[in-house]
Amino acid sequence: ATVGGNTQRGAVTTVFVWFLATNFVDVGGMLELHAPQTYELRCSPQVLYISLPAGTCRLTEGIVSTTGDVFHHYVTLTLTQSDGLVYPNTAYEFGISAVNPSSPPPLNYWGLVLMNARREVADASMTLEGYDLTDYELLVYPPLASTTLPTVVNYVR
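How each quantity is defined
- Residues numbered from 1 in each chain as written.
- Predicted model: local features only at pLDDT ≥ 70, side-chain atom pairs only at ≥ 80, totals over all residues.
- Heavy atoms only, no water.
- Pairing = 2+ DSSP bridges.
- Helix = DSSP H or I, 4+ residues; strand = E, 2+ residues; numbered from the N terminus.
- Axes fitted to C-alpha atoms, helices over the stretch in contact; angles between N-to-C directions.
- Contact = heavy atoms within 4.5 Å.
- Polar contact = N/O pair within 3.5 Å; in protein donor to acceptor, adjacent residues only side chain to side chain.

Describe the sheet that holds strand β7 (residues 91-99), listing the residues and the values that go with them.
With respect to topology, 4 strands assemble into an open sheet ordered β1-β2-β7-β4, the strand pairing being antiparallel. The outermost strands of the open sheet, each flanked by one partner alone, are β1 (2-4) and β4 (40-48). Sheet twist, expressed as the mean angle between neighbouring strand axes with direction ignored, is 30°. Both β1 and strand β2 (residues 12-20) contribute to a ladder of 3 bridges, which runs antiparallel. Counterpart to V3 in the pairing with β2 is V17.

Would you mind going over the environment of E93 in detail, with residue names and values included?
You can see E93 is positioned in strand β7. For the pair E93 and W18, spaced 75 residues apart in sequence, the C-alpha separation works out to 4.5 Å. In contact with E93, other than residues within four places in its own chain, are F16, V17, W18, Y49, I50, S51 and L52. Polar contacts involving the side chain of E93 include one to the side chain of W18, which spans 2.8 Å.

See below:
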């Protein structure tokens, strides 16, 4: 599995995850994405189900034993459609809204857990190498129109 996204410190971004499933996950099965300690994951504004079957998203903040008792964010994506299952030996991709931290985390490892409907772990990796944060100190502003009146010359600032 691989994790990637916008590397700018403190930026709102979409974290993309690519993985190859090794086991079958049926309806009611779940996929958990665990972020490093200082990242903030979000289910809104949206989850991008690129090739992963669509489902529901639930955000959890807390401590789990698999992360060494470290407070962090993680999202749980639950499969809800009977025609949208995870099949073995198939590559999947999805994106989660996130906020990068303003400074690099002490341990930059992401986690990915696939569980069946009985919450039994089918496959997991909690040591996915994270992306390095950068700080180019660039600010990008959307163009602002000087007017919205018709037939008037419009200057973009």
